[in-house]
Amino acid sequence: MLHEPAVELGKDKSIPKKTRLGVVMFLIYMVVYSGFVVIGTMFPEALGVKFIGGQNLAFLYGMGLIVLAIVMGLIYNFFCTRLEDKLNKEEQS
Amino acid sequence: MIYQVSSTAIIIFIFFVLTVLGLSFFFARKTKSASGYYAAGGQIHWAVNGIAFAGDYLSAASFLGICGMIAFFGYDGFLYSIGYLAGWVVALFLVAEPLKRLGKYTFADALDAKFDSRAIKLTAAISTLVVSIFYLIPQMVGAGAIVTPLLGLPHWAGVVMVGAVVILIVATAGMTSTTYVQFIKGGLLIVFSLIVVILVLNKGIKLNPSADYHKPIVLAATLAESRVQAVADSSYHVLGQHEENGLTFVKMTKAGIDSWWKLNSISSTPELEETLTVVETGDGRTLYNGEPKEAGKFYQVGHVKKIVVNGREVEETGPIGPFKFIKTLGTSQIVRFTQKAFTFAGEKITIYFQNITAGSDIIKPGLYYKLDKGASIWSRLDFLSLMLALFLGTSALPHILIRYYTVPSQRAARKSTIVAISAIGFFYILTLFLGTGAMINGSIDLGSSNMSAPLLAKTFGITLFSIISAIAFATILGTVSGLIVASSGAVAHDLMDKYMKIKMTEKQKVQAGRIAAVGVGIVAIMLGILFEKQNVSFLVGLAFAIAASANLPAILMLLFWKRTTAKGISWAIVVGMMTSLILILLSPTLYEIYGLPAASAPMPLKNPGIISIPLGFLTLIVVSLMSKKQGAAPALEK
């Protein structure tokens, strides 16, 4: 079975920094997502305009939003894990 | 349409159900405590939990609904994929870890962590029940829709079957068995969807999707004073003609079978084009293309009219990569079908006729949500409202939130969310190819958009169809299990234990959860039968809008605004929930269901999110500022 051992939720010194990072990354994604919604609402014809590789903006932007969510998730996890390791180690030492 | 029952499908289906039940009874022996029942003891590995998240989230609406909507309306269906995934960004960056820190078993636990307010316990539990039940109905309706073609059983039998299996899964081992069912189903769904997409790309785009594909017949017609007198095939006899919104439909008969045709007078030679029809006769019979349903004449549709590759017309592309596939679709012409309904000589006629659509319109929004041609301020606001509800709804769904309590740590909660985003994101990319693949491969059943993905699999053989159908059924099992765990937690843990303060031992708490699961399961079965004719995607959208309006303001403000009070939270839940419900009941979609003209609906928007979500936030802020602070809101930086 792939279970990890149970871990008590101890004190985590990295919470403030992780929270700020989360809020910043959320705002970045929200701006990009809002861009898609605003273009769709105000300038729908722009979504049909062809860009890279003969693909239109709707396809590139839509796929881009999905891929961006995955990439930003991985970046967020990388920095959060580093913050937890660094700050909680400092706490212990 | 009528589907042939396959013995392979039955074997695969029975095998899956037995495996799932075996798993549940295995874990049941280990489930002794409330923590084990509601939160799988908090011991699920983050990777398993991540895929289980995907299994929980990718419901009938995602697999059957989105693929079907893309098959019917192109990119507009893909908007749901984009919005549903974007919602996970809110869950990951803002909600996952704090919620793990605050909660124990349920969403109400987290909201009430710092207040100990009976009002929060009550309103959060009711909100959990309302959202979960609205989410349950389409899953149960979807179960009936899938079981009918798969096993040849009536709709109610499918609903009862899903209900019974899920009650057994949940009542035996609670969250542990639910997690593993969702894990297996999530994994299978992604793997087999990928296999279908590879097969679609390998087949490429063809003018004739298969040897037995029925392309609508066209007959030359003779007109006199704008009325059709005769057609090129003398075995047909003209019976009548009907004008509807500038379109002319002609009724003909051949060998005692009546059919409807659409008059195309664009060319110098008038032509009649074959249509698909559903006719409700005066004596109560329903005929499909002039014959009873069992005759199988209501054939599947969807094909390409013209394929253009590098500026040159071709008959087929051969195997093709994913980017080339989309690019080629964008330069081709695709035959979609448009529906019209009218009454003729006492018969109710529903007619589906060819609508040749430029590929460039398929690969951008606008065929369902009017944004460009024929757009109004309301249609644009509807699009905005939908995208807002999808973005903010995910992280407010109680059955998704409880999965954060099944892992041992905040780090595991975060990692499992990233696994979920990756798995779900990958699946949503596949939906564009599954939907457009169904659109061009004769895999559309005009009577049920939900069957597009399984019918696409059927074009590659009955075994793949059986597996995909069994997975679709499993998809429903997984999601319904999660919803019933969330609902039973709301009843037994939030209401009985915390709100009513009924004294219970650990064993009695588990018993209460099991009894609540059986009760909610029975209610779900009844609603699934009652709502048979309702649109699956619409009901899921309703659940998202209610969740985003009632729960999200409470979650976000609790986490990020220190002046939030218990009264503010409970009033925001009540106002958000009631406003979204009332606006939905007054919407054009519901007016159509009531049998009233959509234009007479007092609420012009189909989705209430753009009004009810800000109202939820506003209520929380105003009530919090007006009320005396009751306990401290959780400080994030503690």
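Residues numbered from 1 in each chain as written. Chains lettered and ligands numbered in written order. Predicted model: local features only at pLDDT ≥ 70, side-chain atom pairs only at ≥ 80, totals over all residues.

> Talk me through the overall build of chain B; I want residue IDs and the actual numbers.
Counting secondary structure elements, chain B contains 21 helices and 12 strands. Since a compact globule built from 638 residues should have a radius of gyration of about 26 Å, the 26 Å found for chain B is in line with a globular shape. If one aligns the C-alpha atoms of chain B with their principal axes, the spans along those axes are about 85 × 55 × 55 Å. Here the contacts in chain B between residues at least 6 apart in sequence split such that 76% fall between residues at least 24 apart. (Helix = DSSP H or I, 4+ residues; strand = E, 2+ residues; numbered from the N terminus. Rg over C-alpha atoms; globule rule 2.2 N^0.38 Å. Contact = placed C-beta atoms within 7 Å.)

> Tell me about the interface of chain A and chain B, and name the residues and values.
Facing 41 residues of chain A, the contacting portion of chain B comprises 50 residues. No other element matches helix α2 (residues 57-92) of chain A, which puts 14 residues into the side of chain A that touches chain B. Here the residues of the side of chain A that touches chain B sort into 23 nonpolar, 13 polar and five charged. (Nonpolar A, V, L, I, M, F, W, Y, C, P; charged D, E, K, R; others polar.)

> Residue-level account of the confidence of the model for chain B, with values.
Scored by pLDDT, chain B has a mean of 85; 93% of the residues are at 70 or more. Under a pLDDT of 50 for its full length, residues 630-638 of chain B has, in the predicted model, 25 contacts with residues more than four places off or in other chains. (pLDDT = per-residue confidence, 0-100.)

> Describe the nonpolar core, listing the residues and the values that go with them.
Counting 214 residues, the largest nonpolar core has Ala69(A), Val162(B), Ile424(B), Phe473(B), Leu477(B), Ala543(B) and Ile546(B) as its most contacted members. Per-element accounting of this core gives the leading share, 21 residues, to helix α8 (residues 155-203) of chain B. Once residues within four sequence positions are removed from consideration, Phe473(B) is found in contact with Phe13(B), Ala143(B), Ile146(B), Val147(B) and Leu150(B). (Core = buried A, V, L, I, M, F, W, Y, C linked by C-beta atoms within 7 Å. Buried ≥ 20, exposed ≤ 12 C-beta atoms within 10 Å, placed from the backbone.)

> Go over the packing of helix α4 (residues 60-73) of chain B against helix α5 (residues 75-102) of chain B with me, naming the residues and quoting the values.
Residue and element names in this part refer to chain B. It is the contact of α4 with α5, at a shortest axis distance of 6 Å, that shows an interaxial angle of 145°. Between α4 and α5, the contacting residues are Ser62, Ile66, Met69, Ile70 and Phe73 on the first element and Asp76, Gly77, Phe78, Tyr80, Ser81 and Tyr84 on the second. Grouping the amino acids of the contact of α4 with α5 by side-chain chemistry returns seven nonpolar, three polar and one charged. (Axes fitted to C-alpha atoms, helices over the stretch in contact; angles between N-to-C directions.)

> So what's going on with the sheet that holds strand β9 (residues 303-309) of chain B? Which residues, and what values?
Residues and elements named next belong to chain B. Spatially, six strands are ordered β8-β7-β12-β11-β9-β10 in an open sheet, and the strand pairing comes out antiparallel. The two strands at the open ends of the sheet, each matched to only one other strand, are β8 (286-288) and β10 (312-314). Taken pair by pair, the neighbouring strands of this sheet meet at an average axis angle of 25°, ignoring direction. Two strands pair when backbone bridges link them, and β9 and strand β11 (residues 333-344) are joined in this way by three bridges, in the antiparallel orientation. Pairing of histidine 303 across the sheet is with valine 335, part of β11. (Pairing = 2+ DSSP bridges.)

> How would you sum up the confidence of the model for chain A? Please name residues and give values.
Scored by pLDDT, chain A comes out at a mean of 84, with 85% of its residues at no less than 70. Across residues 1-8 of chain A the pLDDT falls below 50, and counting only partners more than four positions away or on other chains, this stretch makes 14 contacts in the model.

> Pulling in residues and values, what's your account of the pairing of β9(B)?
Residues and elements named next belong to chain B. Examined bridge by bridge, β9 and β10 share three bridges and lie antiparallel to one another. What sits directly across from isoleucine 307, in β10, is valine 314. In this antiparallel pair of consecutive strands, β9 and β10, the connection spans two residues, and asparagine 310 shows a positive phi of 50°.

> Can you break down helix α19 (residues 566-585) of chain B residue by residue, with the values?
Between its first and last C-alpha, α19(B) extends 29 Å over 20 residues, near the 28 Å set by a 1.5 Å rise per residue. Burial within α19(B) is extensive, with 15 of its 20 residues counted as buried. (Expected span 1.5 Å × (residues − 1).)

> Now, about unusual backbone geometry: what can you tell me, with residues and values included?
All names here are of chain B. For aspartate 116, which is not glycine, the phi torsion reads 55° and is therefore positive. As for its placement among the helices and strands, aspartate 116 is situated in the loop between α6 (107-112) and α7 (118-151). The backbone of alanine 255 sits at a positive phi, close to 50°, despite the residue not being glycine. With respect to the helices, strands and loops of the structure, alanine 255 is situated in the loop between β4 (247-254) and β5 (257-264).

> Explain the packing of α4(B) against helix α13 (residues 410-440) of chain B to me, using residue names and the numbers behind them.
All names here are of chain B. Packing of α4 against α13 brings their axes to within 7 Å, and their N-to-C directions diverge by 50°. Here α4 is positioned oblique relative to α13, judged by the angle of their axes. Handedness of the α4/α13 crossing: right-handed. Taking contact as the criterion, the partners of Ile66, Cys67, Ile70 and Ala71 in α4 are, on α13, Thr431, Leu432, Leu434, Gly435, Thr436, Ala438 and Met439. Broken down by class, the residue content of the contact of α4 with α13 amounts to eight nonpolar, three polar and no charged. (Parallel < 35°, antiparallel > 145°, perpendicular 65-115°, else oblique. Left-handed = near helix turned anticlockwise from the far one by under 90°.)

> Explain the sheet that holds β4(B) to me, using residue names and the numbers behind them.
Within a sheet, neighbouring strands are paired by backbone hydrogen bonds and run either parallel or antiparallel to one another. All names here are of chain B. Here we have six strands laid out as an open sheet, ordered β2-β1-β6-β5-β4-β3, and antiparallel in their pairing. Of all the strands in the sheet, just β2 (227-231) and β3 (237-244) have a single pairing partner and so form its edges. In this sheet, adjacent strand axes meet at a mean angle of 40° when their direction is disregarded. Summarising the sheet, β3 and β4 pair through seven bridges and their orientation is antiparallel. When the sheet's bridge partners are listed, valine 238 is paired in β4 with methionine 252.

> I'd like a rundown of the pairing of β4(B), residues and numbers included.
Residues and elements named next belong to chain B. Linking β3 back to β4 in an antiparallel pair, the connection comprises two residues, with asparagine 245 at a positive phi of about 50°. As defined by bridge partners, β4 adjoins β5 across six bridges and the pair is classed as antiparallel. Each residue of the ladder has a partner; that of threonine 253, found in β5, is aspartate 258. Taken together, β4 and the strand that follows it, β5, pair antiparallel across an intervening segment of two residues, in which alanine 255 is found at a positive phi of about 50°.

> Break down the environment of Ala86(B) for me, citing the residues and quoting the values.
As for its position among the elements, Ala86(B) is in helix α5. Through-space distance from the C-alpha of Ala86(B) to that of Thr172(B) is 34 Å; in sequence the pair is 86 residues apart.

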